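# Structural overview
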Amino acid sequence: MARPRVILGVSGGIAAYKAAEVLRGLTETGHDVHVVPTAAALRFVGAATWAALSGNPVSSDVWDDVHEVPHVRLGQQADLVIVVPASADLLARAAHGLADDLLTSVLLTARCPVVYVPAMHTEMWEHPATADNVAALRSRGAIVVEPAVGRLTGPDSGRGRLPDPDEIVHFVRELLAEAPAAADLAGRHVVVSAGGTREYIDPVRFISNRSSGRQGYALARAAAARGAKVTLVSANVTLPDPAGVDVVRVVSAAEMRDAVLDAAATADAVVMAAAVADFRPKSYAAAKIKKAPGTAAPTVELERTGDILAELAASRPRARQVIVGFAAETGDATGTAFEHGRAKLVAKGCDLMVVNEVGVNRGFESDRNEAVVLGADGSVTPVPFGPKAALAHVVWDLVLARWADG
Ligand code: CTP
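Note that the structure is a prediction, hence the values are computed from the model and not measured.

## Side note on helix α11 (residues 253-264)
The terminal C-alpha atoms of α11 lie 16 Å apart, and with 12 residues this matches the ideal 16 Å at 1.5 Å per residue to within 8%. Turning to α11, the residues buried within the fold contact β8 (189-195), β9 (199-202), β11 (229-235), β12 (245-250), β13 (269-272) and α12 (308-315).

Shown next, in the form of structure tokens:
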């Protein structure tokens, strides 16, 4: 199979040095990458770096190799064009259809998906001129990835940071894998919860579970690659933030409930992939509990936490909101894992329930998963053992189908 052809546009911003890592990640995962830097980008990172890492010639000027008409050829032959970083100036030129260098010309000739990964200071990102340019590009079908929040060029921090380069590579791979369905979640806001909550007993001890957050992160990545606005409510996960996803960090089940309900107010779908504690210590010891000599081991009394999934399904803050639960089940004397999952779907009142059978070495802390997705309408969708990303895309396909039916 031919290697996917990616045009990596680079515009003039300090994050251009991180685009070199994106380039390396793309070439290492089998993409044929042609780099098109702007003149300003070349002041940050020189053409030799781009040529060496891509293994392809580099040009930024429409006056180079004119006989090959590169501005048309590059755009026409690409499977994906991605601009990393997209500066405020580049977004403005692209939004207005200017074609005053090779990169902006390629952006006009490309008929494949076009992705912009902006990086700039918060003030520039939030300026109404930039917001209008982003809205114009999105309205024409381009994907503009939300910048991350974090450290910026100077000592300051805020929204405007380039997402993790590895996550940008993930984004490209997801997008190319889903190319026919690209941007089918555009205009939708989805909420995903991930990880395992912690319920503290004292300042150093807590009750938690084995959830790594991988399935929730795969769901968030898949939705972002399909153009959705994604809020990821993440409990104690150590994975890098997915590109273009708003990550809200929580610790306990109570914090998760508040964050999920808050985000759900504007969401078209909520997927509860998190392992939420069902019980928490009834009281919290403000000072560390000591094992004084001669005293008995303390008893930790537990109380129930609220069921977020059931609360969401009962309240439905928005019309036609699709609510998805996850059930990690084991078969026992009272029924199979599948039967327990069906019972849970009914008890919680959600639209879809992803049921996976767990065991000592199944389901958790792995990149692969096997599941059956049950629908409140009686549908049964088996998902064979495979990457968590594949299960994620099946979930979004089923959510899309429910919006269409609604
Ligand atoms: N869940 C939730 N709030 C809770 C507990 C669970 O929203 N307090 C959600 C999980 O995110 C998941 C689904 O409910 O989507 C199933 O969770 P699970 O813990 O398997 O279900 P339980 O109701 O706790 O049932 P069990 O008695 O089997 O533990």
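## What about the packing of aromatic side chains?
Under the defined criterion, the tally for this structure stands at 1 aromatic pair. Sitting above the plane of the tryptophan 403 ring, arginine 188 keeps its charged end 4.0 Å from the centroid.

## Examining the pairing of strand β2 (residues 32-37)
Burial within β2 is extensive, with 6 of its 6 residues counted as buried. Between strand β1 (residues 5-10) and its parallel partner β2, the chain crosses via helix α1 (residues 16-28), and the hand of that crossover is right-handed.

## Remarks on the sheet that holds strand β16 (residues 322-329)
Adjacent strands of a sheet pair through backbone hydrogen bonds, lying either parallel or antiparallel. The sheet built from 8 strands is open, its strands ordered β12-β11-β8-β13-β16-β17-β18-β19 with mixed pairing. Pairing within the sheet leaves two strands with one partner each, and these edge strands are β12 and β19 (380-387). The mean angle between the axes of side-by-side strands here comes to 20°, regardless of whether they run parallel or antiparallel. Looking at chain direction, strand β17 (residues 352-357) and strand β18 (residues 368-375) are connected through 4 bridges and run antiparallel. Following the sheet pairing, methionine 353 is matched in β18 by leucine 374. Running at roughly 155° to β16, α12 makes contact with β13, β16 and β17 of the sheet.

## Some remarks on the side chain of asparagine 356
Here asparagine 356 is to be found in strand β17. Using a relative accessible area of 7% as the deciding quantity, one classes asparagine 356 as buried. When neighbours within four sequence positions are excluded, asparagine 356 is seen to be in contact with Ala327, Ala328, Glu329, Asn369, Glu370 and Ala371.

## With respect to the pattern of salt bridges
For the coordinates displayed, the defined rule picks out 23 salt bridges. Between arginine 318 and aspartate 268 there is a salt bridge; the shortest N-O distance is 2.8 Å. Here the residue arginine 318 occupies a position in the loop between α12 and β16, and aspartate 268 occupies one in the loop between α11 and β13, the gap between them amounting to 50 residues. For arginine 318, a relative accessible area of 31% puts it in the partly exposed group. For aspartate 268, a relative accessible area of 11% gives the class buried. The partner of arginine 402 in a salt bridge is aspartate 377, with the nearest N and O atoms 2.9 Å apart. Of this pair, arginine 402 sits in helix α14 (residues 388-405) while aspartate 377 is found in the loop between β18 and β19, placing the two residues 25 residues apart along the sequence.

## Some remarks on the sheet that holds β2
What the 5 strands build is an open sheet, ordered β2-β1-β3-β4-β5; its pairing is parallel. Strands with a single pairing partner mark the edges of an open sheet, and in this sheet they are β2 and β5 (143-144).

## Re the site of the ligand
Among the 14 residues in the neighbourhood of the ligand, the closest are listed as Met272, Ala274, Asp278, Leu309 and Lys344. Residue methionine 272 places a main-chain N or O atom 2.7 Å away from an oxygen atom belonging to the ligand. In this structure, a nitrogen atom belonging to the ligand sits 2.9 Å away from a main-chain N or O atom of glycine 306. Contact with the protein chains hides 75% of the accessible area of the ligand, taken as 580 Å² for the molecule alone. Taken together, the elements giving at least two residues each to the shell around the ligand come down to α12, β16 and α13 (337-348). Its residues assigned to classes, the shell around the ligand shows 7 nonpolar, 3 polar and 4 charged.

## Points about the packing of α1 against helix α3 (residues 47-54)
The contact between α1 and α3 brings their axes to 9 Å, and the two run at 15°. When the axes of α1 and α3 are compared, the pair comes out roughly parallel. As α1 runs across α3, the sense of the crossing is right-handed. Along the contact surface, α1 presents Ala16, Ala19, Ala20, Leu23, Arg24 and Thr27, while α3 presents Thr49, Trp50, Leu53 and Ser54. In terms of residue class, the contact of α1 with α3 is built from 6 nonpolar, 3 polar and 1 charged.

## Description of the domain arrangement of the chain
The domains assigned to the chain are domain 1 (5-177) and domain 2 (184-405). Of note, the centres of domain 1 and domain 2, computed from C-alpha atoms alone, are 34 Å apart. Listed by partner, the interface residues are 12 residues for domain 1 and 12 residues for domain 2. In terms of surface lost to domain 2, no three residues of domain 1 exceed Glu167, Phe171 and Glu174, which account for 55% of the buried area on that side. The interface formed by domain 1 and domain 2 contains 2 salt bridges. Between glutamate 167 and arginine 221 there is a salt bridge; the shortest N-O distance is 2.8 Å. Viewed at the interface, domain 2 and domain 1 are joined by 3 residue pairs in polar contact (both at pLDDT 80 or more). Sort the elements by how many residues they give to the side of domain 1 that touches domain 2 and helix α9 (residues 165-177) lands first, with 6 residues. Tallied by class, the residues present in the side of domain 1 that touches domain 2 amount to 6 nonpolar, 1 polar and 5 charged.

Quick notes on the rules
Residues numbered from 1 in each chain as written. Predicted model: local features only at pLDDT ≥ 70, side-chain atom pairs only at ≥ 80, totals over all residues. Heavy atoms only, no water. Helix = DSSP H or I, 4+ residues; strand = E, 2+ residues; numbered from the N terminus. Expected span 1.5 Å × (residues − 1). Contact = heavy atoms within 4.5 Å. Phe/Tyr/Trp six-rings, centres within 6.5 Å; stacked < 30°, edge-to-face > 60°. Lys NZ or Arg CZ within 6 Å of the ring centre and 35° of its normal. Buried < 20%, exposed > 50% of the residue type's maximum accessible area, 1.4 Å probe, protein only. Right-handed = clockwise from strand over helix to strand, strands pointing away. Pairing = 2+ DSSP bridges. Axes fitted to C-alpha atoms, helices over the stretch in contact; angles between N-to-C directions. Salt bridge = Lys/Arg side-chain N within 4 Å of Asp/Glu carboxyl O. Near = heavy atom within 4 Å. Polar contact = N/O pair within 3.5 Å; in protein donor to acceptor, adjacent residues only side chain to side chain. Areas by Shrake-Rupley, 256 points an atom, 1.4 Å probe, with all protein chains shown as cover. Nonpolar A, V, L, I, M, F, W, Y, C, P; charged D, E, K, R; others polar. Parallel < 35°, antiparallel > 145°, perpendicular 65-115°, else oblique. Left-handed = near helix turned anticlockwise from the far one by under 90°. Domains from an automatic or database assignment. Buried area = accessible area lost by both parts, 1.4 Å probe.

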